[in-house]
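# Architecture and fold: a report
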Amino acid sequence: MLKNNIKRKNGSIVDKYPTPRYYFPKRFNLIVLGFLALTVCYTTRTLLSTCVIFMNKEFHYGSTFKGVLLAAFSMGYSTTQLTAQFLCDKFGSKRIILFGLTMSICTLFIVPIAAPYKAAIVLVRVFCGIFQGIVMPSLNLLIANYFPITQRSTCAGMIWAGVYAGNVGISFISPVLLEYLNWRDCFYIVGSVCIIMWGIPWAIFIRDNPKDLIGIHENEIRFINQIAPVEVKLKTLTQSQVVNIKTIMETGNTIKPMEENEKQQQQIQNNTSDFKMLHSSSNSTSTVESSTESLNSMISDEGGEQTTSSELTIEEPKQIKEDTEKEDERLPYSVAFKKLITSRGMLTIVYLNISCNWAYFLLLGWLPTWLSKELGINVGYKFAFFNALPFILCLAISVGFGRLSDKLLSMGVRKIILRKTFGGLCYGIPGVFLLMVSLVIPNHSTVTKIAFVTISIAANGFSNTSYQLVTLDLSSKYSGVSMGIANICSAIPAFIGPLVGGFLLESFHGDWNKIFLISSSFYLFGTIIWLIFLKVDNVI
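This text gives an overview of the structure that appears in the document. Since this is a predicted model, take the numbers as computed values, not measurements.

### Examining the packing of helix α8 (residues 149-160) against helix α19 (residues 380-410)
Packed helix pairs are specified by the crossing angle of their axes together with the interaxial distance, meaning the distance between the axes. Packing of α8 against α19 brings their axes to within 8 Å, and their N-to-C directions diverge by 175°. Between α8 and α19, the angle is such that the two are roughly antiparallel. Contacts from I149, T150, Q151, R152, S153, T154, G157, M158 and W160 of α8 reach α19 at S398, V399, G402, R403, S405 and D406.

### Considerations on the packing of aromatic side chains
All told, the structure shown has 20 aromatic pairs when counted by the stated rule. Centre to centre, the rings of F172 and Y381 are 6.2 Å apart; their planes meet at 55°, and the pair counts as tilted. Of this pair, F172 sits in helix α9 (residues 162-180) while Y381 sits in helix α19; the two residues are 209 residues apart in sequence, bridging distant segments of the chain. A network of ring pairs unites the aromatic residues F59, Y61, F65, W183 and F187 as a single cluster. Across the ring face of Y77, the terminal group of R45 is positioned such that the distance to the ring centre comes to 5.0 Å. Across the ring face of F91, the terminal group of K90 is positioned such that the distance to the ring centre comes to 5.9 Å.

### Side note on the environment of A486
Mapped onto the secondary structure, A486 falls in helix α23 (residues 479-507). For A486, a relative accessible area of 1% corresponds to the buried category. Distance from A486 to M346, taken between C-alpha atoms, is 7.7 Å for residues 140 residues apart in sequence. Apart from the residues within four sequence positions on either side, A486 is in contact with I349, N353 and T471.

Parameters at a glance
- Residues numbered from 1 in each chain as written.
- Predicted model: local features only at pLDDT ≥ 70, side-chain atom pairs only at ≥ 80, totals over all residues.
- Heavy atoms only, no water.
- Axes fitted to C-alpha atoms, helices over the stretch in contact; angles between N-to-C directions.
- Helix = DSSP H or I, 4+ residues; strand = E, 2+ residues; numbered from the N terminus.
- Parallel < 35°, antiparallel > 145°, perpendicular 65-115°, else oblique.
- Contact = heavy atoms within 4.5 Å.
- Phe/Tyr/Trp six-rings, centres within 6.5 Å; stacked < 30°, edge-to-face > 60°.
- Lys NZ or Arg CZ within 6 Å of the ring centre and 35° of its normal.
- Buried < 20%, exposed > 50% of the residue type's maximum accessible area, 1.4 Å probe, protein only.

Pasting the structure below:
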């Protein structure tokens, strides 16, 4: 379990925000129910991918129309992304998510009725996307409100892992259900379970502001609301100065001079002494980790240069108060949008989402069809296992590396390095393995091809510790807008991928190797762009 921040005193570890024994942190309600929300999102989104095989046999859709049908969700999904922040500011994130996802679930009950009519079934899927489009940006706002920066990677990774849990669940369950029931029953059963499993608990246990959660302890509220007590500008610091400041914050004792230049050491201690006084006099509930993270990030912002001279500037409390009041002011929506869309970090995400994600969504939508061709079956436990395996791996990667990201950040690894590394893995791994599938092993065993395609899809689990977190890095206050921009750009390839997949399959006479080769080239070039141009500086 994640713990509150701690402080060290005389070598012992003391909880800075003590809560009663066996107390379950109420902010973790969002981890559980946010995880379930995204599980439900991707359950309603991908159920059709498995059932369309049987629908096609009954209604003779054809590959091209199957592509249109699989892409219809994304047509609607892209239209409501940027409205989420406005709606949340007006009605609250909890209500918006509850309304949007509940209505999206309800469209599942209409699919069997509309299936015989091509225009009707496409329209139903478009509305499913329209209602679901407001969910992820709204959830991003709740994540920013519920978790301090010291826990954000871990908690966000756990919540976003629901994307893969939804894919795992429906990819495994639907082929098993289809072995015993017809495809219509799948939509009715899945829709009913989703409303009961998620809708009712969400309405009871989630609030827009964590301080309003039922039974929350006052110290947990302080922990959630922790902020840096002062604005510290570090222009040039030696490593010894940084260590000295961190030691004062943790123990209250300065490091004894290790160098002969006592005058320089005295200057360092005077500066850090002033910092300590201001730190202890502040009413903020800042923690050791958040203050250390502020120091690390500010040092990295200055390019990491170290000199023998020190220049430590601490703003006056009056100025801090003014800055805090200014931070609380809400910018016009258009201004926030313009600042984000023109930032280098957001432009990098926009490019990556448009160029690389079309291959991911192509694989996501057409995986059951490709597997049925390779395995020669489309129902039963064997098909269900291979259909779900990529998303099981995604789930494990998302949770495990989210925790690792927070750990490395607390150890002093720069945020930009973490985001670039995990993003490089997210896009580079599928680029390499799809290239191998298309050129190196096109005639090799079915198991080898399935293994490589599985690894390619599983690498998307790194997205939760890379570009997903960058939307929070750029702006926590306007994270609904940043996630909306990212998701609009992601919805474009989500629409194009399945659509182009159907067209290419007919053009290439069912040859998947050429499709994998095209996808690989986008992934590899996108990896280079990510590593060169990404920035994670806070924009607004």
